[in-house]
Amino acid sequence: MFSKKMEDAFNAQINAEFYSEYLYLAMKAYFEELHLTGIANWFGVQVQEEHAHGLGMYDYVHERGGKVTLGEIAKPEIKGKDTVAIFEQVLEHEQLVTSKINALVDVAEAEHDRAALSFLDWYIKEQVEEESNVRQLIATLKLIGEDKKALLMLDRELAARTYTAPVIG
Ligand code: FEO
């Protein structure tokens, strides 16, 4: 039985995932405009991943016989003033998403919804990976500092990142 509380909590998380997609799309544009196309590509892959995260939950709500209700997606705001600060904003955002997934797990526990708990395991692991990847990039960017040549080398490296559709759940 998929409770109304569970359905509402999933719908809120669907919105958070699509907001993430929108935020990373804004960041992709920012780096494209700076002609840092490799970093822009990294964000392009993030966009696709967030889309998959949102759709994964959307499909799951239907699989459980629930109703998908889509809300408004807030305007994305880039707060960081340079590359490191923008990636720090990404890490902060992912930490927020992690806390939202944890809150969703809390609802599933309170509702004794074992199926939802099992489904959400994938998202918990994904958040660990997402935070770790961003932390690594921040460390690299801090090492690079003002070295433009090193930044261009990183940009070239990130241009090679490709999207692989995840198998969710
Ligand atoms: Fe879907 Fe980056 O969390």
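Residues numbered from 1 in each chain as written. Predicted model: local features only at pLDDT ≥ 70, side-chain atom pairs only at ≥ 80, totals over all residues. Heavy atoms only, no water.

So, about the packing of aromatic side chains. Per the counting criterion, the structure on display carries 14 aromatic pairs. Where Y24 meets F43, the ring centres are 6.0 Å apart and the plane angle is 50°; that geometry is what we call tilted. Of this pair, Y24 sits in helix α1 (residues 4-33) while F43 is found in helix α2 (residues 37-63), placing the two residues 19 residues apart along the sequence. For the pair formed by Y24 and F43, the shared burial category is buried. (Phe/Tyr/Trp six-rings, centres within 6.5 Å; stacked < 30°, edge-to-face > 60°. Helix = DSSP H or I, 4+ residues; strand = E, 2+ residues; numbered from the N terminus. Buried < 20%, exposed > 50% of the residue type's maximum accessible area, 1.4 Å probe, protein only.)

Let us look at helix α3 (residues 83-110). Here α3 spans 41 Å end to end across 28 residues, near enough to the 40 Å set by a 1.5 Å rise per residue. A side-chain oxygen of the first residue of α3 lies 3.3 Å from the backbone nitrogen of V84; this N-cap is D82. Positive phi appears at H112, one or two residues downstream of α3, with a value of about 55°. (Expected span 1.5 Å × (residues − 1). Polar contact = N/O pair within 3.5 Å; in protein donor to acceptor, adjacent residues only side chain to side chain.)

What follows concerns the packing of α3 against helix α4 (residues 114-144). One can describe the packing of α3 onto α4 by two numbers: an axis separation of 9 Å at closest approach and a directional angle of 165°. By the angle between their directions, the pair α3 and α4 is classed as roughly antiparallel. Seen along the crossing, α3 lies across α4 with a hand that is left-handed. Of the residues assigned to the contact of α3 with α4, the class counts are 18 nonpolar, 4 polar and 7 charged. (Axes fitted to C-alpha atoms, helices over the stretch in contact; angles between N-to-C directions. Parallel < 35°, antiparallel > 145°, perpendicular 65-115°, else oblique. Left-handed = near helix turned anticlockwise from the far one by under 90°. Nonpolar A, V, L, I, M, F, W, Y, C, P; charged D, E, K, R; others polar.)

By volume, the largest pocket amounts to about 290 Å³. Forming the boundary of the largest pocket are L34, L36, D82, T83, V84, L141, I144, G145, E146, D147, K148 and L151. For the lining of the largest pocket, the residue count by class is 6 nonpolar, 2 polar and 4 charged. Taken as a whole, the second largest pocket spans an internal volume of roughly 180 Å³. Taken together, 14 residues line the second largest pocket, and the ones lying closest to its centre are E49, E126, E129, E130 and N133. Of all the secondary-structure elements, those providing two or more residues to the lining of the second largest pocket are α2 and α4. The element contributing the most residues to the lining of the second largest pocket is α4, with 6 residues. Taken together, the residues that form the lining of the second largest pocket break down as 4 nonpolar, 4 polar and 6 charged. (1 Å grid on protein atoms, 1.4 Å probe; cavity = no way out; pocket = protein on both sides within 12 Å on 5 of 7 lines; lining within 4 Å. Points joined across faces, edges and corners; volume = space filled by probe spheres on them.)

Packing of α4 against helix α5 (residues 148-158) brings their axes to within 9 Å, and their N-to-C directions diverge by 155°. Classified by the angle their axes make, α4 and α5 are roughly antiparallel. The hand of the α4/α5 crossing is right-handed. The residues of α5 that touch α4, namely those facing L137, T140, L141 and I144, are A150, L151, L154 and L158. (Contact = heavy atoms within 4.5 Å.)

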